[in-house]
Amino acid sequence: MLRLLFLSTPVGALGTGQGGGVELTVQNVAQELQQRGNRIEVVAPVGSKLQGISVTEIPGNLQVAVQTQSRDVPIILPDNSVLANIWGYARQVQSNYDLIVNFAFDWLPFYLTPWFDCPIAHFISMGSLTDALDRIMAQIAQQYPGTIGVYTKSQANTFSFADQCEILGSGIDLSLYQFCPQPENSLVWLGRIAPEKALEDAVAAAKITGIPLKIFGKIQDQDYWNRICQDFQDAPIEYGGFLSTQHLQQAMSKSRALLMTPRWVEAFGNVAIEALACGVPVIAYARGGPTEIIQDGMTGFLVEPDSVSGLVKAINSLAQINRFNCRQQAESEYSLTALGDRFRHWFTKILKS
Ligand code: UDP
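- The name given to the protein in an unreviewed UniProt entry is Glycosyl transferase group 1, with Stanieria cyanosphaera as the source organism.

Section: the environment of F105
Line of reasoning, step 1. You can see F105 is positioned in the loop between strand 4 (99-102) and helix 3 (107-112).
Line of reasoning, step 2. Setting aside residues no more than four positions away along its own chain, F105 makes contact with V66, I124, S125, M126, G127, L129, L133, M137 and F159.

A look at the site of the ligand
Line of reasoning, step 1. Within the structure, the ligand sits among 17 residues, and G21, R192, K197, L243 and E274 are positioned closest to it.
Line of reasoning, step 2. Here an oxygen atom of the ligand and a backbone polar atom of G21 are 2.7 Å apart.
Line of reasoning, step 3. In the model, an oxygen atom of the ligand is placed 2.7 Å from a nitrogen or oxygen of the R192 side chain.
Line of reasoning, step 4. At the level of elements, helix 1 (21-35) and helix 9 (270-277) are the ones that each hand at least two residues to the shell around the ligand.
Line of reasoning, step 5. No other element matches helix 9, which puts three residues into the shell around the ligand.
Line of reasoning, step 6. When the residues that make up the shell around the ligand are grouped by side-chain class, the tally is seven nonpolar, six polar and four charged.

Description of the sheet that holds strand 8 (residues 187-190)
Line of reasoning, step 1. Taken in spatial order, the six strands of this open sheet run 10-9-8-11-12-13, and their pairing is parallel. Two strands bound the open sheet, and with one partner strand each, they are strand 10 (237-239) and strand 13 (300-303). Across the sheet, the axes of successive neighbouring strands diverge by a mean angle of 20°, strand direction being ignored.
Line of reasoning, step 2. Bridge count between strand 8 and strand 11 (residues 257-260): two bridges; the pairing is parallel. Considered in strand 11, the bridge of V188 is made with L258.

Description of the nonpolar core
Line of reasoning, step 1. Ranked by size, the top nonpolar core spans 84 residues in total, and within it F6, L199, I283 and F347 carry the most contacts.
Line of reasoning, step 2. With near-sequence residues (within four places) excluded, F6 lies in contact with V26, V29, A30, L33, I40, E41, V42, V43, V101 and F103.
Line of reasoning, step 3. In terms of nonpolar packing, the next biggest core, distinct from the first, is built from 39 residues, I58, M126, I140 and F161 among them.

What about the side chain of S128?
Line of reasoning, step 1. With respect to the helices, strands and loops of the structure, S128 is situated in the loop between strand 5 (120-123) and helix 4 (131-143).
Line of reasoning, step 2. When its relative accessible area of 17% is taken as the criterion, S128 is described as buried.
Line of reasoning, step 3. If we ignore the near neighbours within four places in the chain, the residues touching S128 are R71, D134, T158 and F159.

Some words on the sheet that holds strand 4
Line of reasoning, step 1. Strand order in the open sheet made by the seven strands is 3-2-1-4-5-6-7, with parallel pairing throughout. Both outer strands of the open sheet, strand 3 (55-58) and strand 7 (166-167), are each paired with one neighbouring strand and no more.
Line of reasoning, step 2. Here two bridges tie strand 5 to strand 6 (residues 148-150), and the two strands are oriented parallel to one another. Bridge pairing in strand 6 links H122 to I148.

A few points about helix 2 (residues 82-93)
Line of reasoning, step 1. With twelve residues, helix 2 should reach 16 Å at 1.5 Å per residue; the first-to-last C-alpha distance of 17 Å fits that figure.
Line of reasoning, step 2. Of the residues making up helix 2, those classed as buried are V82, L83, I86, W87, Y89, A90 and V93. The arc that holds every buried residue of helix 2, seen down its axis, measures 155°, which confines them to one face. Opposite the buried face of helix 2, at more than 90 degrees from it, the exposed residues are R91 and Q92.
Line of reasoning, step 3. Elements in contact with the buried residues of helix 2: strand 1 (3-7), strand 2 (39-45), strand 3, strand 4, helix 3 and strand 5.

A short note on the side chain of N38
Line of reasoning, step 1. Inspection of the secondary structure assignment puts N38 in the loop between helix 1 and strand 2.
Line of reasoning, step 2. Side-chain polar atoms of N38 contact the backbone nitrogen of L2, separated by 2.9 Å.
Line of reasoning, step 3. A distance of 3.4 Å separates a polar atom in the side chain of N38 from a polar atom in the side chain of R344.
Line of reasoning, step 4. Ignoring any residue separated from it by four or fewer positions in sequence, one finds N38 in contact with M1, L2, L4, L33 and R344.

Quick word on the pairing of strand 1
A regular strand places its side chains on the two faces of the sheet in alternate fashion.
Line of reasoning, step 1. Buried residues dominate strand 1, accounting for four of its five residues.
Line of reasoning, step 2. Two elements, strand 1 and strand 2, share five bridges in a ladder whose sense is parallel. Each bridged residue has a counterpart across the sheet, and for L5 the counterpart in strand 2 is E41.
Line of reasoning, step 3. Handedness of the crossover joining strand 1 and strand 2 through helix 1 is recorded here as right-handed.

Focus on the pattern of salt bridges
Line of reasoning, step 1. Taken as a whole, this structure holds 15 salt bridges when the rule is applied.
Line of reasoning, step 2. In this structure, D306 engages R263 in a salt bridge whose closest nitrogen and oxygen atoms are separated by 2.9 Å. Pair noted here: D306 is in the loop between strand 13 and helix 11 (308-315) and R263 is in the loop between strand 11 and helix 9, with a separation of 43 residues, a long-range link.
Line of reasoning, step 3. Salt bridges linked by common partners bring E200, D201, R263, R287 and D306 together as one network.

Concerning the packing of aromatic side chains
Line of reasoning, step 1. A complete count under the given rule lists 15 aromatic pairs for this structure.
Line of reasoning, step 2. Consider the rings of F6 and F103, whose centres lie 5.2 Å apart with planes at 55°: the pair is tilted. With F6 in strand 1 and F103 in the loop between strand 4 and helix 3, this residue pair connects regions lying 97 residues apart in the sequence.
Line of reasoning, step 3. Residue class for F6 comes out buried when judged on its relative accessible area of 0%.
Line of reasoning, step 4. An angle of 70° between the planes, with centres 5.9 Å apart, marks the rings of F343 and F347 as edge-to-face. Highlighted residues: F343 and F347, both in helix 13 (residues 336-352), separated by four residues, approximately one helical turn.

About the cut-offs
Residues numbered from 1 in each chain as written. Predicted model: local features only at pLDDT ≥ 70, side-chain atom pairs only at ≥ 80, totals over all residues. Heavy atoms only, no water. Helix = DSSP H or I, 4+ residues; strand = E, 2+ residues; numbered from the N terminus. Contact = heavy atoms within 4.5 Å. Near = heavy atom within 4 Å. Polar contact = N/O pair within 3.5 Å; in protein donor to acceptor, adjacent residues only side chain to side chain. Nonpolar A, V, L, I, M, F, W, Y, C, P; charged D, E, K, R; others polar. Pairing = 2+ DSSP bridges. Axes fitted to C-alpha atoms, helices over the stretch in contact; angles between N-to-C directions. Core = buried A, V, L, I, M, F, W, Y, C linked by side-chain atoms within 4.5 Å. Buried < 20%, exposed > 50% of the residue type's maximum accessible area, 1.4 Å probe, protein only. Expected span 1.5 Å × (residues − 1). Arc of directions from axis to C-beta. Right-handed = clockwise from strand over helix to strand, strands pointing away. Salt bridge = Lys/Arg side-chain N within 4 Å of Asp/Glu carboxyl O. Phe/Tyr/Trp six-rings, centres within 6.5 Å; stacked < 30°, edge-to-face > 60°.

Here's what the structure looks like:
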């Protein structure tokens with residue numbers, strides 16, 4: 001039995017979508033390890049909600065998401081920073097825990113690591129974005145070998161310390177996702193609506209093919225979304241809001257395919273495995289995490305990055321995909337059991353060293 005203190009992302013409350021895929025990862029890792037008899041406390045911004053896990057809510061002002069900043073941005077903390085408050089709380093309770101697990105992609109947790117008595121594992125959820133963060137992560141990777149975990153090899157490769165990263169992948173509670181054998185004639189796009197996700201390319205593909213595109217997710221950049229609506233007034237798109245997992249899987253499972261159009265090196269793409277679990281093939285730019293998930297021609301298609309015509313060609317080839325293979329891949333590679341085993345193994349290695 002391990003006593004684990006999970007420190008969540010400081011960019012938003014859990015359950016709001018502001019934190020992106022790491023919100024689901026915190027839920028799933030906590031749920032699986034708690035179910036195995038470990039003691040878990042999750043510490044997160046006020047308003048956070050998890051299913052079946054106790055959350056200690058911490059007040060304070062949210063961090064600005066790193067991906068909206070330039071590479072040379074200085075380290076920024078707002079007044080009454082929720083990130084600083086979370087770590088202040090962790091310092092007080094650290095003696096009750098075997099391991100602290102950091103889920104924030106931010107400078108402060110790495111800087112504070114040497115000042116803690118309790119060992120710290122850092123799960124980083126994005127690829128390289130700023131120089132200051134890269135530098136401090138590289139220092140900690142060297143000083144505390146094996147303590148940095150990532151989703152994928154492609155994500156690790158954006159850092160100078162790639163070889164020292166533990167590759168953990170992702171996983172989901174498959175029982176929450178229903179397999180749908182017969183799709184209707186629609187496509188789906190899921191995720192934070194923000195420039196690094198290049199939703200406009202999926203909308204352009206929907207316009208060319210004439211197949212309706214359903215869009216679900218948190219609008220993180222309102223101006224960006226308004227521009228898309230302005231530029232594609234005649235495209236067959238429909239925005240359905242930000243949905244809970246239960247409603248999301250219902251809404252997307254009838255789609256012919258999920259379109260993933262990342263402009264950045266996507267660290268993983270939790271939406272890919274959620275789609276596969278419903279039997280929905282994934283058409284993605286061959287960049288970052290999706291290249292390690294999708295079996296090209298079998299559970300979806302990998303398309304030349306930034307090529308809308310590539311998306312269209314893949315959409316026109318969907319008939320060759322057997323949706324059952326998609327569900328099967330999710331079951332064999334992305335179950336909660338597989339996820340829990342990988343995290344448990346990583347934690348045990350850290351505590352042994
Ligand atoms: N998501 C959701 N409701 C929606 C649309 C998306 O809960 O209506 C979640 C989805 O389950 C996934 C996350 O948003 O966990 C997006 O994460 P992903 O890893 O794909 O990308 P990130 O935002 O981390 O870059």
